[in-house]
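Spelled out from the first residue to the last, the chains are:
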Amino acid sequence: IRRPPRSTPKPSSAASDVYKRQVNRLFELVKPQKAIFGKKDAQQLFLIKDHLRRSNKNIEIFDGEIIRDKNGLALSSRNLLLSDSGRVIASGLKRHLDILKQTFIETRAIKTSIKKTLETNKNSQLNIDYLEILDKDSFDTVNDSTRDFIIIIAGYVEGIRLIDNIDFRKEE
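Fair warning: this is a prediction, and the values are worked out from it, not measured in the lab.

Sorry if this is basic, but what is going on with the environment of E60 here?
Along the chain, E60 turns up in strand β2 (residues 60–64). Assessed through its relative accessible area of 42%, E60 is described here as partly exposed. E60 sits 106 residues away from I166 along the chain, and the two C-alpha atoms are 22 Å apart. In contact with E60, not counting residues within four places along its chain, are Q33, K34 and A35.

I tried to follow the packing of helix α1 (residues 14–30) against helix α2 (residues 42–55) on my own but got confused; where do I start?
Angle between the axes and distance between the axes are the two parameters that describe a pair of packed helices. Put simply, α1 and α2 touch, their axes get as near as 10 Å, and they point 65 degrees apart. Once α1 is placed against α2, the crossing between them reads as right-handed. Taking contact as the criterion, the partners of S16, Y19, K20, V23, N24 and F27 in α1 are, on α2, Q44, L47, I48, H51 and L52. In terms of residue class, the contact of α1 with α2 is made up of six nonpolar, four polar and one charged.

Any chance you could explain the nonpolar core here in plain terms?
When a protein is soluble and globular, its nonpolar side chains tend to lie buried together. Formed by 22 residues in total, the largest nonpolar core has its most connected members in L131, I133, I151, V157 and L162. When contributions to this core are tallied by element, the ones reaching two or more residues are α3 (84–90), α4 (92–107), β3 (127–135), β4 (148–157) and β5 (160–169). By size, the runner-up hydrophobic cluster in this structure holds eleven residues, among which are A35, L52, I59 and I61.

Would you mind showing me how to read the packing of aromatic side chains here?
Within a pair of aromatic rings, the relevant descriptors are the distance that separates the centres and the angle that separates the planes. Taken as a whole, this structure holds five aromatic pairs when the rule is applied. Relative to F37, the ring of F27 has its centre 6.2 Å away and its plane inclined at 85 degrees; by these criteria the two rings are edge-to-face. Within this pair, whereas F27 is found in helix α1, its partner F37 is found in strand β1 (residues 34–38), the two being separated by ten residues in sequence. Among the aromatic residues, those joined into a ring-pair cluster are F104, F149 and F168.

Quick question: what am I supposed to make of the sheet that holds β3 here?
Strand pairs in the sheet, formed through backbone hydrogen bonds, run parallel or antiparallel to each other. A sheet is described by the order of its strands in space; here three strands give the open sequence β3-β4-β5, paired in antiparallel fashion. Strands at the two margins of the open sheet, each flanked by one partner only, are β3 and β5. The average undirected angle you get between the axes of adjacent strands in this sheet is 15 degrees. Contacts from α4 reach β3, β4 and β5, with the element oriented near 30 degrees to β5.

Is there a simple way to think about a nonpolar patch on the surface in this case?
A cluster of nonpolar residues, L26, L29 and V30, forms a patch on the protein surface that exposes about 300 Å² of accessible area. Owing to a relative accessible area of 57%, L29 belongs among the exposed residues under this scheme.

Definitions and cut-offs
- Along each chain, residue indices are assigned from 1 in the same order as the chain's sequence is written.
- Two thresholds apply to this predicted model, a pLDDT of at least 70 for residue-level local features and 80 or more for giving and counting side-chain atom pairs, whereas whole-chain, interface and lining totals are computed over all residues.
- Just so you know, side-chain values use all the structure's heavy atoms and leave hydrogens and water out.
- Strands here mean DSSP runs of E at least two residues long; helices mean DSSP runs of H or I at least four residues long; both are numbered from the N terminus.
- When a residue's accessible area, from a 1.4 Å probe over protein chains only, is under 20% of the maximum for its type it is buried; when over 50% it is exposed; and in between it is partly exposed.
- Contacts are residue-level and defined by heavy atoms, with any inter-residue pair within 4.5 Å sufficient.
- Throughout, an axis means a line fitted to C-alpha atoms (over the contacting stretch in the case of helices), and angles, computed between N-to-C directions, take values from 0 to 180 degrees.
- Two helices that cross are described as forming a left-handed crossing if the nearer one is turned anticlockwise from the farther one by less than a right angle, and a right-handed crossing if clockwise.
- Nonpolar residues are Ala, Val, Leu, Ile, Met, Phe, Trp, Tyr, Cys and Pro. Charged residues are Asp, Glu, Lys and Arg, and all others, Gly as well, are polar.
- We define a nonpolar core as any set of buried Ala, Val, Leu, Ile, Met, Phe, Trp, Tyr and Cys residues linked to one another through side-chain atoms lying within 4.5 Å.
- When two rings of Phe, Tyr or Trp (its six-membered ring) have centres within 6.5 Å they constitute a pair, described as stacked for plane angles under 30 degrees, edge-to-face for angles over 60, and tilted for the intermediate range.
- Criterion used throughout: strands pair if DSSP finds at least two bridges between them.
- The patches reported here contain residues having more than 30% relative accessible area and no salt bridge. Joining distances are 9 Å for like charges and 5 Å for nonpolar side chains (Val, Leu, Ile, Met, Phe, Trp, Tyr).
- For accessible areas, the Shrake-Rupley method is used with a probe of radius 1.4 Å. Any residue's cover is judged against the shown protein chains and nothing else.
- Here, a salt bridge means any Lys or Arg side-chain nitrogen found within 4 Å of an Asp or Glu carboxyl oxygen.

What follows is the structure, given as structure tokens:
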């Protein structure tokens with residue numbers, strides 16, 4: 001299991017620069033006051049919000065909720081590339097998110113929680129690429145002041161890379 005390409009997408013990385021230019025161009029053409037971006041790709045949503053904060057653009061961004069099938073699999077056009085059994089295997093992404101959230105809430109130990117969660121995947125055909133708990137507001141490492149968390153996961157099923165996430169607030 002590797003770490004995500006970088007927990008916080010680098011504001012100056014080539015990929016993020018291209019993405020921000022594309023979104024910026026869209027905003028220049030459409031001139032929206034409000035926009036909705038899906039929560040499924042949490043890193044892109046973070047980049048958009050961060051870019052708008054830095055550029056002082058007055059556009060209100062709404063997070064579009066993740067829509068899931070009856071097995072918990074986040075809906076995506078990539079799912080169409082999976083077989084029926086592949087979609088069942090891919091629903092393991094959400095199970096991993098739920099297990100990690102519960103284990104982390106109980107232990108408050110990130111590494112231990114991730115390790116215990118990954119142990120549930122030993123006999124699965126779901127190939128986990130990364131699984132991480134981050135500070136939702138900074139998309140960086142969790143610290144003592146973190147109140148809002150996001151768990152992100154990426155994995156491969158039948159050669160197709162899938163992503164998912166859940167967020168939650170620290171309960172006092």
